[in-house]
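Results of the structural survey
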Amino acid sequence: MNITKPNLTLQVIIAMLAGITVGLLLNISGLNSTGSFVNEYIVNGLFQGIGKLFINALKMLVVPLVLFSLICGVCGIGNLSILGRVGMKSFLLYILTTAIAVATAILFATTTGIGQGMQASATASFSAKEAPALIDVLTNMIPTNPFAAMANGEMLQVIFFAILLGVSILMVGRKAKSLIEGAELANEVMMKMVSIVMAAAPYAVFALIAKAMAELGFDLLSVLAGYVLVLIAALMFHLFGTLMVLLKLLSGLSPMHFIRKMRNVQVFAFSTSSSNATIPVTIRTVTERLGVNNSVASFTVPFGATINMDGTAIMQGVATVFIANVYAVHLGLTDYLVVIAMAVLASIGTAGVPGVGLIMLSMVFVQVGLPVEGIGLILGVDRLLDMIRTAVNVSGDSMVSVVVAKSEGKLNEAIYNDPMAGVTSDTIKLDQAVENEMANVIETLHARK
């Protein structure tokens, strides 16, 4: 009898709200001051330790899960021509959404004029990483040692090796049947490990959120309110506007069903700030709740976690305009086109781990001649915004998975349209209770202002 599963969503959301509350209380009360007992042993000790254990556990699952699920996905498709179509459709859709995302961000930022009149006084340091040449990005996709790629978590190399291995198994034919069965069994074992790790999710979510809010507080948010608000607005527009319009146009499916069923994935992505760490939850939701066949989901989700960085691309667009205005650097149309191109190229092969957006941003700044030290201005708020960006990233991965599956006849629309698919009726009631509780919290906060 499964007792944990029906309550997991509610537990996670309650843990997130409790983490926000505790974190803000620690920040406002001053208990989290530098050198204090709370700062040393609670926030950067207990909270950080619990959060890191959970993130490490999720990352531990990523490489074997991606490897076995991709092998099963390629073999499950069973036809090399179909595999080529799925791969090309996924790639083109991911690149399209990323380009639209950064263009939208630049439009939002230039229209609002964020950063104008602000004093450039970055105190935080940040080391730039030289932007790799396109040929290096392409050649680095192929691992010289697949085991080293797995050990180092080089996801694009792992994906290439897994796809090539799956294709080779398909070409061998019947003689490789036992190998396919072994991969399927290994994949099933990995999914069971996911269930075990996810049982600890509520405690980890509380610790991660509480630590972030205890360190961030309201002060820095108020200083960079313009940047934060414009970036969040652009992210929400892309999530609820661009992605949902594309979903409707390309598949004809209901965006509302998609948004409701993605809530659990978005909460975990928000908590972990890692597309890669969220892969197990994303695959589970896409297959069990959205009805995407595992042969498609096991390919598109890991692929998207590696190359689809819609939320990060939006951050790059907004941050570029913001820092340019702060340092009074004029950017022309050509510069903005370079930003769009760099955001798309930098997203390919960049690991979906917390904070990677800042490394990608340094590459963009170098290309358009902006001072990289300007990144120090947004370091303080990037952790919170990274959470929101990751939620947008995984939503894009799932949307593309649904669209590709529908075009290939690999989508079970009965599951997609069934609000109870993959959950029990108790879960639906709990979700409603959570929505009501969150509405009450928001109403209470407004009443106190």
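Now for the overall build of the protein. Tallying secondary structure elements over the protein gives 20 helices and zero strands in all. When burial is assessed residue by residue, the protein has 52% of its 449 residues classed as buried. Of the roughly 19,600 Å² of accessible surface on the protein, 64% is carried by carbon and sulfur atoms.

Across the interface, helix H10 (residues 225–251) lies against helix H15 (residues 310–326) with an axial gap of 10 Å and an inter-helix angle of 145°. H10 and H15 meet at a crossing whose hand is right-handed. Across the interface between the two elements, Tyr227, Val230, Leu231, Ala234, Leu235, His238 and Leu243 from H10 touch Asp310, Gly311, Ile314, Met315, Val318, Ala319 and Phe322 from H15. For the contact of H10 with H15, a count of residues per class yields 11 nonpolar, two polar and one charged.

Before going further, it helps to spend a moment on the environment of Met309. Topologically, Met309 is positioned in the loop between helix H14 (294–307) and H15. What makes Met309 buried here is its relative accessible area of 1%. Here the alpha-carbon distance between Met309 and Val344, two residues 35 residues apart in the chain, equals 8.2 Å.

On to the packing of aromatic side chains, then. The full count for this structure, using the stated rule, is four aromatic pairs. Between Phe47 and Phe206 the ring centres are 5.6 Å apart and the planes differ by 85°, which places this aromatic pair in the edge-to-face class. Highlighted residues: Phe47 in helix H2 (residues 37–77) and Phe206 in helix H8 (residues 201–216), separated in sequence by 159 residues. The class of Phe47 is buried, set by a relative accessible area of 8%. Taking relative accessible area as the criterion, Phe206 reaches 23% and is therefore assigned partly exposed. Ring centres 5.5 Å apart and planes at 50° place the aromatic pair Phe108 and Phe237 in the tilted group. Of this pair, Phe108 sits in helix H3 (residues 80–112) while Phe237 sits in helix H10, placing them 129 residues apart in sequence. A residue is classified by how much of its surface remains accessible, and Phe108, at 23% relative accessible area, is partly exposed. Residue Phe237 is classed as partly exposed on the basis of its relative accessible area of 42%.

Another point: the pattern of salt bridges. Per the counting criterion, the structure on display carries three salt bridges. A salt bridge links Glu408 to Arg85, with the shortest nitrogen-to-oxygen separation between them at 2.8 Å. Taken together, the positions of Glu408 in the loop between helix H18 (379–407) and helix H19 (413–417) and Arg85 in helix H3 put the pair 323 residues apart, joining distant regions of the chain. Overall, the relative accessible area of 38% leaves Arg85 in the partly exposed class. Look at the salt bridges and you will find they share partners, linking Arg85, Lys89 and Glu408 into a network.

Here Ser251 is to be found in helix H10. In this structure Ser251 comes out as buried when scored by relative accessible area, which is 7%. Once you skip the residues sitting within four places of it in the chain, Ser251 turns out to touch Leu246, Val403 and Lys406.

Turning our attention to a nonpolar patch on the surface. Taken together, the side chains of Met60, Leu185, Val189 and Met193 present a nonpolar region at the surface, about 360 Å² in accessible area. When residues of the nonpolar patch are assigned to their parent elements, the largest contribution, three residues, is made by helix H7 (residues 177–198). Its place among the elements puts Met193 in helix H7.

When you tally the buried positions in helix H12 (residues 263–272), you get 10 out of 10 residues, the bulk of the element. Regarding H12, the residues found buried are Arg263, Asn264, Val265, Gln266, Val267, Phe268, Ala269, Phe270, Ser271 and Thr272. Looking one or two places after H12, you find Ser273, whose phi comes out positive at around 55°.

So, about H7. An ideal rise of 1.5 Å per residue puts 32 Å on 22 residues; H7 measures up with 32 Å between its terminal C-alpha atoms. Three or more residues of H7 are buried, namely Ala183, Ala186, Asn187, Met190, Val194, Val197 and Met198. For H7, the arc enclosing every buried residue in end-on projection is 115°, short of the 170-degree limit, so these residues lie on one face. Among the exposed residues of H7, those oriented more than 90 degrees off its buried face are Lys177, Ser178, Leu185, Glu188, Lys192 and Ile196.

Let us now look at the nonpolar core. Counting 116 residues, the largest nonpolar core has Tyr227, Phe258, Val318 and Val402 as the members making the most contacts within it. With residues near it in sequence (within four places) discarded, Phe258 still touches Met244, Leu247, Leu290, Ser395, Ser398, Met399, Val402 and Tyr416. Leu26, Val38, Ala207 and Ala214 belong to the second largest nonpolar core, which has seven residues in total.

Here the focus is the confidence of the model for the protein. Scored by pLDDT, the protein comes out at a mean of 77, with 77% of its residues at no less than 70. Contacts for the low-pLDDT stretch residues 121–129, under 50 throughout, to residues beyond four places or in other chains number 20 contacts.

It is the contact of H12 with helix H13 (residues 279–288), at a shortest axis distance of 9 Å, that shows an interaxial angle of 170°. Between H12 and H13, the angle is such that the two are roughly antiparallel. Contacts between H12 and H13 involve Asn264, Val265 and Phe268 from the first element and Val281, Thr282 and Thr285 from the second. Residues belonging to the contact of H12 with H13 are distributed by class as follows: three nonpolar, three polar and no charged.

Rules behind the numbers
- Every chain's residues receive numbers from 1 upward, in the order its sequence appears when written.
- Residues qualify for local features only when their pLDDT is at least 70, as the model is predicted, and side-chain atom pairs are given and counted only at 80 or more; totals for whole chains, interfaces and linings, by contrast, use all residues.
- Side-chain numbers come from the whole structure's heavy atoms, not from hydrogens or water.
- Starting at the N terminus, helices and strands are each numbered in turn, a helix being any DSSP run of H or I of at least four residues and a strand any DSSP run of E of at least two.
- Between buried and exposed lies partly exposed: a residue is buried under 20% and exposed over 50% of the maximum accessible area for its type, with that area taken using a 1.4 Å probe on protein chains only.
- For the accessible areas, the method is Shrake-Rupley and the probe is 1.4 Å, while residue cover comes only from the protein chains on display.
- Here, axes are lines fitted to C-alpha atoms. For helices the fit covers the stretch in contact, and angles between N-to-C directions go from 0 to 180 degrees.
- Helix crossings fall into two classes, left-handed where the near helix is turned counterclockwise from the far one by less than a right angle and right-handed where it is turned clockwise.
- Should any heavy atoms of two residues lie within 4.5 Å, those residues are counted as being in contact.
- Throughout this entry, Asp, Glu, Lys and Arg are counted as charged residues, while Ala, Val, Leu, Ile, Met, Phe, Trp, Tyr, Cys and Pro are counted as nonpolar. The remaining residues, Gly among them, count as polar.
- Note on aromatic contacts: the rings of Phe and Tyr and the six-membered ring of Trp form a pair at centre separations within 6.5 Å, being stacked when their planes are under 30 degrees apart, edge-to-face when over 60 apart, and tilted otherwise.
- Counted as salt bridges are all cases of a side-chain nitrogen of Lys or Arg within 4 Å of a carboxyl oxygen of Asp or Glu.
- Patches were defined on residues exceeding 30% relative accessible area and lacking a salt bridge, with like-charge contacts within 9 Å and nonpolar side-chain contacts (Val, Leu, Ile, Met, Phe, Trp, Tyr) within 5 Å.
- A helix's residues, less one, multiplied by 1.5 Å, set its expected span.
- As used here, the arc belongs to the directions running from the helix axis to the C-beta atoms.
- Here the nonpolar core consists of buried residues drawn from Ala, Val, Leu, Ile, Met, Phe, Trp, Tyr and Cys, with membership extended through side-chain atoms lying within 4.5 Å.
- pLDDT is a residue-level measure of predictor confidence that goes from 0 to 100.
- An angle below 35 degrees is read as roughly parallel, one above 145 as roughly antiparallel, one from 65 to 115 as roughly perpendicular, and any other as oblique.

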